Amino acid sequence: MRSLIARRELIQALVSREMKARYKGSSLGVLWSVLTPLFMAGIYAFFFRLISGRAANTSSIIVGVFAWQFTANSIQQGLGCVSNNGNLVKKVAFPRVILPISVTMAAGIDYLISLGVQLGVVGVLLWRAGDFFTLHLVALPLLFLLHAWFNLGLAMLLGSMNVYYRDTQHLVGVALSALFFMSPAMYDLSFVRTLAGDMNPWLMKLYSLNPLAGIFTAYRWAFLPGAQFPQDPWLLAGMAWPLLFTLLAGGIFRRAQRNFADFI
Amino acid sequence: MKYAIEAENLGKCYTLRGLGPQTLFGSIRRAVTRQTPQLFWAIRNADFKIPKGSTIGVVGPNGAGKSSTLGLAAGTITPTEGCIRAEGRISSLLELGAGFHPDLTGRENVYLNAALLGIPREDIRKRFDAILDFSGLHEFIDQPVKNYSSGMYVRLGFAVATEVDPDILLVDEVLAVGDISFQLKCLDRIRQFQKKGKTLMFVSHALQTVEEFCDEAFLIYKGDLVKKGPPPDVILEMIRNYSGEGGTIYAQEFGTREVEITDVKFINPRGEEAIRFDSGSSLTIQIDYEAHQEIEQPVFGYSLKTANGMYLYGTNTQIENAAERTLPKGPGQQKIRLDPLLLREGNYFLSLSIHSWDHVTQFHRREDWYPFAVRNTNDAPGMVTLPTIFEG
């Protein structure tokens, strides 16, 4: 931990490398970190309406899809954070954990930028409906930290796994799209509740254990005046276990890093 | 503690698992079949202590384990057994420009690289002009480094890396980059480090550089630290026993062996065995051979190449009209004297050959088998000395 504080300039440099390199050469630059989720939200809103036949709540989809983008970016960048930096890992000695930390932070900064846009867009949509944000917004920083903490755990776990088993990246490609549909990103929790409730009550409990279920629902609760956060212990448990998970992932990463240079 | 780096029973083992990265399927299969993996010790049972302020050169043929040893000292790889301790701040130049991002500009990469090496941003900001001067990349510093030539790339890398003020500097074969003037600048930097009392450990194939700069040399061969000691002794050992036998890349040996070269010595004008010779003095190559049968009219020949393979000169007893003779069965000696030695500073390879008068039978030929070095005694540049007289 102390070494991390000592190397904060390195974290800063790697985060800025990540950000600069991503948008270098594109004329819209960092605007893409907002445009991508905005387009996604537009597409999902359109097709959701088309398929389900009922009016989708655009604000709700924007909140969900923007938050999903943070996790998806962290997973995708985190996956290669060690294995794509072979040269660095083999030739330069520095605390390896800086790699997943910096990709998660870069994804987090992107998300913070898009959150700013989200506030504007959702604000306008609410205002047109004669509504406004509630005080729940103050929970946002804490929520963001929990979300980032979970993403960091995923980046550390997948990043170290991918060094040893390159199959990870293919598996994750599939798992990522499964996770998208298993998380309330383009629909909200009430949609699953009605679906799952008809089948098996345990299905809903299992679903709630997905940390993203609780986190996305909490984001909606913070942003949208009408949204509820159900008093469901399973949902809360889903949001609590990432606290331990990331510590565990950190432990795995620490053990795995001994042989990083040999396997890359 | 007066040692900068201490290694005890240091070992690094790699598992050979065929080509490519490990796959999930592969490791499951190995777990089920209990196949024992093939092991490869890059370095083993190495014990050494490097006193503070000294300069150590690590030599050995390709694949001997030199870079692994340096990697262990730098902490980029973890030892399999034993341990290695370093006292003080380490900076490693295992590769120049490692961590440069192709899409970022030279300037951005300087800051990134500095952060990787642990140099505070503020220091670099202050020293930026010095780095720029050292690298000589003024016009290009705001271009993405993907457009750089490989020489520009390493120059920038070296310029940043030597701005660090480490206690220990580890250098892996990076001194031989860039053109002559940049190499001289690099060597000058190294001398400054030495003057400041820093500890240096470097891997090099440039034996001259090792002899010139180091207080002590380590010879590593096939994962063993076979010799430690004064650089000239270690280098002689390396050249005599480890460089020849397939160690150097091009070295090869063939022939029918009716006459066999048994021993070759390089003798300096004082009659001592040596591997470095002063340009302008004499070099005697003393060849001991063993004829397994009587040989009529054999031809003894030699040729010289520079370290980068350029053919310089070659001749033999036939061309030189040396007295024809018949070798009796048994041992004998042939001397070749180059006097004066007209080669100038550099590393050279000697090839030797004994063949039949009609060139049909090659009895024994050793191609690029014997390396040696030449040192200048005056300031004239170039590859060979041309006897020159100025008049007027």
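Given the structure is predicted, the values throughout are model-derived calculations rather than measurements. (Residues numbered from 1 in each chain as written. Chains lettered and ligands numbered in written order. Predicted model: local features only at pLDDT ≥ 70, side-chain atom pairs only at ≥ 80, totals over all residues. Heavy atoms only, no water.)

## Regarding the overall build of chain B
The condition that has to hold: Helix and strand labels come from DSSP, where a helix needs a run of H or I of at least four residues and a strand needs a run of E of at least two; each type is numbered from the N terminus. Three exposure classes are used, based on accessible area relative to the maximum for each residue type with a 1.4 Å probe and protein chains only: buried under 20%, partly exposed in between, and exposed over 50%. Surface accessibility follows the Shrake-Rupley procedure with a 1.4 Å probe radius. Residue values consider only the protein chains on display as shielding. Asp and Glu are treated as the negative residues and Lys and Arg as the positive ones, with His and the ends of the chain left uncounted. All charge positions are set by atom: Lys at NZ, Arg at CZ, Asp at CG, Glu at CD.
The helix and strand inventory of chain B stands at 8 helices and 20 strands. Counting across all 392 residues of chain B, residues that qualify as buried make up 49%. Element-wise, carbon and sulfur atoms account for 50% of the exposed surface of chain B, whose accessible area totals about 19,100 Å². Charged side chains of chain B number 42 positive and 49 negative; the gap between the two group centres comes to 7 Å.

## With respect to the overall build of chain A
Keep this limit in mind: To get the radius of gyration, use the C-alpha atoms; to get the globule rule, take the number of residues to the power 0.38 and multiply by 2.2 Å. Any pair of residues with heavy atoms lying within 4.5 Å of one another is described as a contacting pair.
Tallying secondary structure elements over chain A gives 13 helices and 0 strands in all. Each helix and strand of chain A, placed in order from N terminus to C terminus, yields the pattern α-α-α-α-α-α-α-α-α-α-α-α-α. For 264 residues, the compact-globule estimate of 2.2 N^0.38 gives 18 Å, and the C-alpha radius of gyration of chain A, at 19 Å, lies within 12% of that figure. Seen along its three principal axes, the alpha-carbon backbone of chain A occupies a region of about 55 × 45 × 35 Å. Buried residues in chain A amount to 51% of all 264 residues. Put simply, 80% of the contacts in chain A that link residues at least 6 apart link residues at least 24 apart. Counting every atom, chain A has about 12,700 Å² of accessible surface; 69% of that belongs to carbon and sulfur. Charged side chains of chain A number 20 positive and 9 negative; the gap between the two group centres comes to 9 Å.

## Here we look at the pattern of salt bridges
Residue and element names in this part refer to chain B. The criterion, for reference: Just to be clear on terms, a salt bridge is a Lys or Arg side-chain nitrogen sitting within 4 Å of an Asp or Glu carboxyl oxygen.
Under the criterion given, the structure shown has 20 salt bridges over all chains. Here K49 and E6 are joined by a salt bridge, their closest N and O atoms 4.0 Å apart. Taken together, the residues span a long stretch of sequence, with K49 in strand β2 (residues 38–51) and E6 in strand β1 (residues 3–16) at a distance of 43 residues. Judged by its relative accessible area of 44%, K49 falls in the partly exposed class. Among the ionic pairs, K265 bridges to D263, the shortest N-O distance being 2.9 Å. Note on K265: relative accessible area 24%, which makes it partly exposed. Since its relative accessible area comes to 23%, D263 is described here as partly exposed. Overlapping salt bridges, with partners in common, bring together E6, E8, K49 and R85 in one network.

## A word on the packing of aromatic side chains
The description of two aromatic rings rests on the distance between their centres and on the angle between their planes. Residue and element names in this part refer to chain A. Cut-off, in case you're wondering: A pair of aromatic rings is counted whenever rings of Phe, Tyr or Trp (Trp by its six-membered ring) have centres within 6.5 Å, and the orientation is called stacked for planes under 30 degrees apart, edge-to-face for over 60 and tilted otherwise.
Evaluation of the coordinates by the stated rule reveals 29 aromatic pairs over all chains. For the pair F70 and Y111, a centre-to-centre distance of 5.1 Å together with 20° between the ring planes defines the contact as stacked. With F70 in helix α4 (residues 58–79) and Y111 in helix α6 (residues 98–128), the pair connects residues that are 41 residues apart, well separated along the chain. Y111 matches F70 in its accessibility class, with the two residues each being buried. Measuring from centroid to centroid gives 5.3 Å for Y187 and F191, while their planes differ by 40°, and the two rings are tilted.

## Looking at the interface of chain B and chain A
Spelled out, the test is: Joining two parts hides part of their accessible area as seen by a 1.4 Å probe, and the buried area is that hidden amount summed over both. Basically, the charged four are Asp, Glu, Lys and Arg, the nonpolar ten are Ala, Val, Leu, Ile, Met, Phe, Trp, Tyr, Cys and Pro, and anything else, Gly included, counts as polar.
With 32 residues of chain B at the interface, the matching set in chain A holds 27 residues. Taken together, the two surfaces of chain B and chain A that pack against each other cover about 2,600 Å², and 58% of this comes from carbon and sulfur. Joining chain B to chain A, the criterion identifies 2 salt bridges. For the side of chain B that touches chain A, the elements supplying multiple residues, two or more each, are β1, α1 (24–33) and α3 (106–116) of chain B. Looking at which element gives the most residues to the side of chain B that touches chain A, the answer is α3(B), with 4 residues. For the side of chain B that touches chain A, the class distribution of residues is 15 nonpolar, 11 polar and 6 charged.

## Some details on the sheet that holds strand β18 (residues 330–338) of chain B
All names here are of chain B. What counts, and what does not: Any two strands are treated as partners once DSSP identifies two or more bridges connecting them. Orientation is described by axes fitted as lines to C-alpha atoms, over the contacting stretch for helices, and by angles from 0 to 180 degrees between their N-to-C directions.
Across the sheet, 3 strands lie side by side as β11-β13-β18; this open sheet has antiparallel pairing. Among the strands making up the open sheet, the edge pair consists of β11 (259–267) and β18. Each strand axis lies, on average, 20° off the axis of its neighbour in the sheet, ignoring direction.

## Thoughts on unusual backbone geometry
One can expect most non-glycine residues to show negative phi and most peptide bonds to be in trans. Residues and elements named next belong to chain B. The step from D339 to P340 runs through a cis peptide bond, and the omega angle for that step is 0°. Relative to the helices and strands, P340 is located in the loop between β18 and β19 (346–356). Unusually for a residue other than glycine, N45 sits at a positive phi of about 55°. Assignment of secondary structure puts N45 in strand β2. Look at R257: it is not a glycine, yet its phi comes out positive at around 65°. Overall, the relative accessible area of 30% leaves R257 in the partly exposed class.

## Describing helix α6 (residues 180–195) of chain B
Residues lying three or four places apart along an α-helix face the same way, a consequence of the helix completing one turn every 3.6 residues. All names here are of chain B. As a reminder of what qualifies: Helix span, expected: 1.5 Å multiplied by one less than the number of residues in the helix. Here, the arc refers to the directions that run from the helix axis to the C-beta atoms.
Given a rise of 1.5 Å per residue, 16 residues ought to cover 22 Å, and the 23 Å separating the end C-alpha atoms of α6 matches this to within 8%. Those residues of α6 lying buried are F182, C186, L187, R189, I190 and F193. Angular distribution of buried residues about the axis of α6 spans 150°; they occupy a single face of the element. The exposed residues of α6 that point more than 90 degrees off its buried face are I180, L184 and K195. Its buried side turned inward, α6 meets α4 (121–135), α5 (150–161), β6 (168–172), β7 (199–203) and α7 (207–213).

## Some points on the environment of B:E237
Residue and element names in this part refer to chain B. Along the polypeptide, E237 turns up in helix α8 (residues 231–243). The exposure class assigned to E237 is partly exposed, which follows from its relative accessible area of 24%. Considering only alpha carbons, one finds E237 and V226, 11 residues apart in sequence, at a separation of 9.7 Å. Ignoring any residue separated from it by four or fewer positions in sequence, one finds E237 in contact with L219, K227 and Y242.

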